[in-house]
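Below, each chain spelled out in residue letters.
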Amino acid sequence: MKLTCHRDDGIGGAAFTLPEVMVAMTLFLMVLAAVVTSNLFGVRMLEVNQPKLDADVQARRLIARVVEEVRSVSNARVGVGDENTFSSFMPGVLRSGNALQLWETNAAVFVRYYRDAASEQLMRVASGGWPEVIVGGVTNEQVFTAENFLGIIQTSDPETVVIGVTLRFGTVGQGATVGPDHLIKGHELRLKATPRER
């Protein structure tokens, strides 16, 4: 490809020929199209992955909070409950329910986690306080289990218990499926923690 051209008319100017300009513009447009396509692909990947990343951040916060509170108390019971009530299971019944109550020595001073069936939200309420939403979109009814060290759900309240938490999310994030093509419909989070020795 010739970059300079000498004119014979005596003026002494240089110029590109029309085919050279057209080739240069075509190459420039191809590079520009590749840059724009790469940018659009990056935006789409961000759109697909951002809800997943948000859900991961929310899950890490949930895990940290639940583990910290379970490990900081010496008493934990799995049962059935809501904002105002909590019922433990009778002996012989599997310890798998929608609520977890944690307390130290005085059972009147507690922290309760429960799944609100109407709103499909995991809630937290402390004794004498207002309920707060921990995470939304929880589709499974039995969120909490009391297990032994082998992961077998207990039928009694032993001295040493492992609290299992299973959260199934029908949608990732707050009411939105992941990405424009709904690549992920939901996910599951499992957590196990042990209270302090009594």
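Below is a short write-up of the structure. (Residues numbered from 1 in each chain as written. Predicted model: local features only at pLDDT ≥ 70, side-chain atom pairs only at ≥ 80, totals over all residues. Heavy atoms only, no water.)

Where a strand is regular, its side chains alternate between the two sheet faces. In terms of burial, strand 9 (residues 162-169) is a largely internal element, seven of the eight residues being buried. For strand 8 (residues 144-147) and strand 9, the ladder comprises four bridges, and the chain directions are antiparallel. Bridged to Thr-145 within strand 9 is Gly-164. Of the strand pairs in this sheet, strand 9 and strand 10 (residues 187-193) are connected by seven bridges, and their pairing is antiparallel. By the bridge assignment for strand 10, Ile-163 is matched with Ala-193. (Buried < 20%, exposed > 50% of the residue type's maximum accessible area, 1.4 Å probe, protein only. Helix = DSSP H or I, 4+ residues; strand = E, 2+ residues; numbered from the N terminus. Pairing = 2+ DSSP bridges.)

Before going further, it helps to examine the pairing of strand 8. Along strand 8, one buried face is formed by Phe-144 and Ala-146 and the opposite face, lined by Thr-145 and Glu-147, is buried too. Pairing between strand 3 (residues 96-97) and strand 8: two bridges, direction antiparallel. In the strand pairing of strand 8, Ser-96 is matched with Thr-145.

What follows covers a nonpolar patch on the surface. A contiguous nonpolar patch, built from Phe-28, Leu-29, Leu-32, Val-36 and Leu-40 and spanning about 490 Å² of accessible area, is present on the exposed surface. Mapped onto the secondary structure, Leu-32 falls in helix 1 (residues 18-72). (Patch = residues over 30% accessible without salt bridge, like charges linked within 9 Å, V, L, I, M, F, W, Y side chains within 5 Å. Areas by Shrake-Rupley, 256 points an atom, 1.4 Å probe, with all protein chains shown as cover. Salt bridge = Lys/Arg side-chain N within 4 Å of Asp/Glu carboxyl O.)

The next subject is the pattern of salt bridges. For the coordinates displayed, the defined rule picks out nine salt bridges. Residues Asp-157 and Arg-77 are paired through a salt bridge, measuring 3.5 Å at the closest nitrogen-oxygen approach. With Asp-157 in the loop between strand 8 and strand 9 and Arg-77 in strand 1 (residues 75-81), this pair connects stretches of sequence that are 80 residues apart. Accessibility expressed as a relative area gives 34% for Asp-157, which makes it partly exposed.

As a further point, take the side chain of Asn-75. Looking at the secondary structure, you find Asn-75 in strand 1. Side-chain polar atoms of Asn-75 contact the backbone oxygen of Glu-104, separated by 2.4 Å. (Polar contact = N/O pair within 3.5 Å; in protein donor to acceptor, adjacent residues only side chain to side chain.)

With 28 residues, the main nonpolar core has Leu-100, Leu-122 and Leu-167 as its most contacted residues. Within the residue set of this core, elements represented by two or more residues are helix 1, strand 1, strand 4 (99-103), strand 5 (110-116), strand 7 (132-136), strand 8, strand 9 and strand 10. Per-element accounting of this core gives the leading share, five residues, to helix 1. Apart from the residues lying within four places of it in its own chain, the contact partners of Leu-100 are Val-70, Ala-76, Arg-77, Val-78, Phe-86, Val-111, Arg-112, Tyr-113, Phe-144 and Ile-163. If you look at the next biggest cluster of nonpolar residues, it comprises five residues, including Phe-86, Ala-99, Met-123 and Val-125. (Core = buried A, V, L, I, M, F, W, Y, C linked by side-chain atoms within 4.5 Å. Contact = heavy atoms within 4.5 Å.)

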